[in-house]
Amino acid sequence: MFVLLLMPVLIAVADDQKLSGTVIGTTETVDYSTSKQSTTVNTREMAFDGKLDTYFASWERSYTWAGLDLGTPHVITKVGWSPRNNSQGEKRVLLGVFEGANREDFMDALPLYIITEKGTIGQLSYADVACSRGFRYVRYVGPSDARCNIAELEFYGHEDEGNDSLLTQLTNLPVVSIHTKDNVEPYDKEHQIEALITIISDGGTKLLCDTGTIRERGNASRGFPKKPWRIKFDKKQHVLDAPAKAKKWTLINNYGDKTLMRNLLAFELSRRMGLPYTPYATAVDVLLNGEFKGCYQLCDQIQIHKKRVNITEMTSQDIAGDELTGGYLIEIDAYANDEPSWFSSTKGNPVTIKSPDSDSIMLVQKNYIRSYFNKMERSWSTYLDLNTFLRHFLVGELSGNTDTYWSVYMYKDRSDDMIYTGPVWDFDLAFENDNRTYPINSLTDYIYRTKGSCAGNMRSFVNGIVINNAAAKAKLLDIWDEVRQDGLNSEYMTEYIDQWEDSLQQSQQLNFLRWPIMNQKVHQNPKLWGSYKAEVQNVRRFMQERFAWMDKRLNYTYVPSAIQTSALTSEDQSTVVYSLSGMLMGNSLHGLTAGTYIVRKGQQVRKVVISPR
């Protein structure tokens, strides 16, 4: 799945030279001799005076910068820098970012280079730049909490408008660069900050740039220094290779997940488990107002959409008859009482109504979905789609997710009596990353029944299905056999982990420079593994052991099937159909839920896969 991209190389031209222009940048500085704010001491001009014993030092500690107005666009081919001459100076350039722009406010800025090594006091370091666009304005943005301490800056290049044939990525991953109006940093979940959002991918040969907004997102994850965000384009966009064309996307911070891949692994389990919709996600590098923020997961926003949760989206006019029956997107949510639109079910489960959203939902709609959810809890065998519920359950247990029933998405479509479970979400504590459940494979029962976190009375609700109902237990075993026969095993997941480990190598190094927590316990980390390689090995080892644990818990022995697998076609009529456990399902494939079945037609026997709706 990972491809080596052969990128064009920019060749410096004969008239490339050290560039000069009007000095621009942060004006408020610090006078270290008095510890007071100044505009005359250690100014931005000091970064361009040709002297290595002077320096620029801003008053604010972050989001400060120094640069040049070149007067006309120039293609930048090289940058140079030298750190401030003090005990902290050499490391204070680590993760400093060079940018170019054609707007004076740098809203349209693109990255040119990120510093990945300590500087050398009294000496200029240089780096080539591979960016074909020309820029009038160039700058150096100091790393977080560094006061932009810099002794000297240099830019080299030639006058040219340039083009967008080759732009700069920080690593092999796509880079998401966000610039906000007036450099405002998102500060809560309510206020959407005006922004220009840029995504550079495909080795620097593909560019998406459009206006939009950014705000914080999440619950507990908002409390970490590395913040999670939701971005919203003003117009629907195809982002990278995501299936959906949509406005809303999420940037998941994965602060406590030192592998930076747990959600990606869980989503692959969801796809292999055959759930109707698995959120799109990939790893990216993120810049905010020129400051490197780390390796994030760019992901779908969970919403009603034909390429996301594919159900009917309601309007305020849908208040009677068939229109009132859907679609509804809800979440059993331990944080529901912090949300504007929620209810507590008659069995004590907190439920957030995600769609219709709180700004547009009508009282009759809220009353309908509350009543219907209560009815489903009372008669789940009639109103709960068991197929999606059990597949969702298996993803949670196979990944060892503490929070499977702390947050559960569900949905109901119009003219459909069933409530479906999914998509899966939130796996930062899964795959052996929670001190409350570690070591997971030593537990003698499912994680949700032992040490897992459950909202409301979800533990009792789930017990009623997977523990106390014989038909549900038989179907659970059928699904497990189906996915095991279809190649979901420890070898497959080990290879998938290996691929992401290779892909994340460059970005994880930058991420843990920005957030030096590898040898700190953060969130619910159970152990300090000491290195990125060891963190990934912990997940790999857990996954290899977990399949055996699940087989034992389900009393399942994997025996490779000798029956040919085929897809369902219109010719598959008048058959005798059995479940994988041998239960007679009838004489037709019509009306069966998604899954794998044994089909006998005369003397021919086949294994038939019915895809999820």
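Figured I'd write up the structure that's included with this text. Here the structure is a predicted model, which is why all the values come from computation and not from measurement.

Considerations on the sheet that holds strand β16 (residues 281-288)
In spatial order, the strands read β11-β12-β13-β14-β15-β17-β16; together these 7 strands close into a barrel with mixed pairing. Across the sheet, the mean angle separating the axes of adjacent strands is 35° when strand polarity is ignored. In the packing of helix α9 (residues 505-514) onto the sheet, the strands contacted are β16 and β17 (291-300), and the crossing angle to β17 comes to about 125°.

Considering the nonpolar core
In this structure, Phe-389, Met-410 and Ile-465 are the most contacted members of the largest nonpolar core, which totals 97 residues. Apart from residues no more than four positions distant in its own chain, Phe-389 is found in contact with Leu-384, Tyr-405, Met-410, Thr-421, Phe-461, Val-462, Ile-465 and Val-466. Formed by 35 residues, the second largest nonpolar core is a distinct cluster that contains Leu-19, Leu-70, Val-93 and Phe-98.

With respect to the pairing of strand β11 (residues 175-180)
Across the 6 residues of β11, 6 count as buried, placing the element largely inside the fold. Every second residue of β11 is oriented toward a common face, with Val-175, Ser-177 and His-179 on one face and Val-176, Ile-178 and Thr-180 on the other, all of them buried. Examined bridge by bridge, β11 and strand β12 (residues 193-201) share 6 bridges and lie antiparallel to one another. Bridge assignment links His-179 to a residue of β12, and that residue is Leu-196. Looking at chain direction, β11 and β16 are connected through 4 bridges and run parallel. If you follow Ser-177 over to β16, its bridge partner there is Leu-287.

Side note on the environment of His-238
When you line up the elements, His-238 lands in strand β14 (residues 229-238). For His-238, a relative accessible area of 49% gives the class partly exposed.

A word on the sheet that holds strand β22 (residues 420-421)
Sheets are built from strands paired through backbone hydrogen bonds, the pairs being either parallel or antiparallel. One open sheet holds the 5 strands; their spatial order is β19-β20-β18-β21-β22, and the pairing between them is antiparallel. A strand with exactly one partner marks an edge of an open sheet, and here the two such strands are β19 (342-344) and β22.

Observations regarding empty space enclosed by the protein
Tallying each qualifying case throughout the model produces 1 cavity of 30 Å³ or more. Its volume calculated, the largest cavity comes out at about 60 Å³. Secondary structure elements with two or more residues in the lining of the largest cavity: α4 (386-398) and β21 (407-412).

What to know about the pattern of salt bridges
This structure, assessed with the given rule, holds 25 salt bridges. Notably, a salt bridge pairs Arg-449 with Asp-445, separated by 2.6 Å at the nearest N-O pair. Classification of Arg-449 by relative accessible area gives partly exposed; the value is 32%. According to the relative accessible area criterion, Asp-445 is buried, its value standing at 14%. In this structure, a network of salt bridges that share partners links the residues Glu-185, Glu-291, Lys-293 and Arg-514.

Overview of the pairing of strand β9 (residues 134-141)
In terms of burial, β9 is largely enclosed, as 7 of its 8 residues are buried. Pairing geometry for strand β5 (residues 65-82) and β9, over 7 bridges, is antiparallel. Counterpart to Gly-67 in the pairing with β9 is Arg-139. Judged from the 5 bridges that link them, strand β6 (residues 97-101) and β9 form a sheet pairing that is antiparallel. When the sheet's bridge partners are listed, Gly-100 is paired in β9 with Val-138.

Comments concerning the packing of aromatic side chains
Enumeration according to the criterion identifies 28 aromatic pairs in this entry. With centroids separated by 5.0 Å and ring planes inclined at 85°, the aromatic side chains of Phe-393 and Tyr-446 adopt a geometry described as edge-to-face. Placement of the pair is Phe-393 in helix α4 and Tyr-446 in the loop between β22 and α5 (447-450), with a sequence separation of 53 residues. Both residues of the pair, Phe-393 and Tyr-446, count as buried. Three or more aromatic residues link up through ring pairs in this structure, and these residues are Phe-389, Phe-393, Tyr-405, Tyr-446, Tyr-448, Phe-461 and Trp-549. Note that Arg-139 overlies the ring of Phe-106, its terminal NZ or CZ placed 4.2 Å from the centroid.

Digging into the environment of Lys-226
Its place among the elements puts Lys-226 in the loop between β13 (206-216) and β14. For Lys-226, a relative accessible area of 2% corresponds to the buried category. Residues Lys-226 and Asn-254 lie 28 residues apart in sequence; the distance between their C-alpha atoms is 8.4 Å. For Lys-226, the residues in contact, after removing those within four places along its chain, are Ser-221, Asn-253, Tyr-255, Leu-260, Lys-293, Gly-294, Cys-295, Tyr-296, Asn-511 and Trp-515. A polar side-chain atom of Lys-226 sits 2.7 Å from the main-chain carbonyl oxygen of Cys-295. Here the side chain of Lys-226 touches Asn-511 through a polar contact of 2.9 Å, side chain to side chain.

Side note on α9
For α9, every residue scored as buried is listed here: Ser-507, Gln-508, Leu-510, Asn-511, Phe-512 and Arg-514. Looking at the buried side of α9, the elements it contacts are β7 (110-114), β16, β17 and α10 (532-553).

Digging into the environment of Arg-436
Within the secondary structure, Arg-436 sits in the loop between β22 and α5. Here Arg-436 falls in the partly exposed class, since its relative accessible area comes to 37%. In the structure, Arg-436 is positioned 16 residues away from Gly-452 in sequence and 8.2 Å away in space, judged by C-alpha atoms. Looking at Arg-436, its side chain comes within polar contact range of the side chain of Asp-434, at 2.8 Å.

What to know about the side chain of Gln-297
For Gln-297, the position within the fold is in strand β17. On the basis of relative accessibility, which here comes to 2%, the residue Gln-297 falls in the buried class. Each residue touching Gln-297, except ones within four places of it in the same chain, is listed here: Thr-250, Leu-251, Ile-252, Asn-254, Asn-263, Leu-264, Phe-267, Ala-281 and Thr-282.

Criteria and cut-off values
- Residues numbered from 1 in each chain as written.
- Predicted model: local features only at pLDDT ≥ 70, side-chain atom pairs only at ≥ 80, totals over all residues.
- Heavy atoms only, no water.
- Pairing = 2+ DSSP bridges.
- Helix = DSSP H or I, 4+ residues; strand = E, 2+ residues; numbered from the N terminus.
- Axes fitted to C-alpha atoms, helices over the stretch in contact; angles between N-to-C directions.
- Contact = heavy atoms within 4.5 Å.
- Core = buried A, V, L, I, M, F, W, Y, C linked by side-chain atoms within 4.5 Å.
- Buried < 20%, exposed > 50% of the residue type's maximum accessible area, 1.4 Å probe, protein only.
- 1 Å grid on protein atoms, 1.4 Å probe; cavity = no way out; pocket = protein on both sides within 12 Å on 5 of 7 lines; lining within 4 Å.
- Points joined across faces, edges and corners; volume = space filled by probe spheres on them.
- Salt bridge = Lys/Arg side-chain N within 4 Å of Asp/Glu carboxyl O.
- Phe/Tyr/Trp six-rings, centres within 6.5 Å; stacked < 30°, edge-to-face > 60°.
- Lys NZ or Arg CZ within 6 Å of the ring centre and 35° of its normal.
- Polar contact = N/O pair within 3.5 Å; in protein donor to acceptor, adjacent residues only side chain to side chain.

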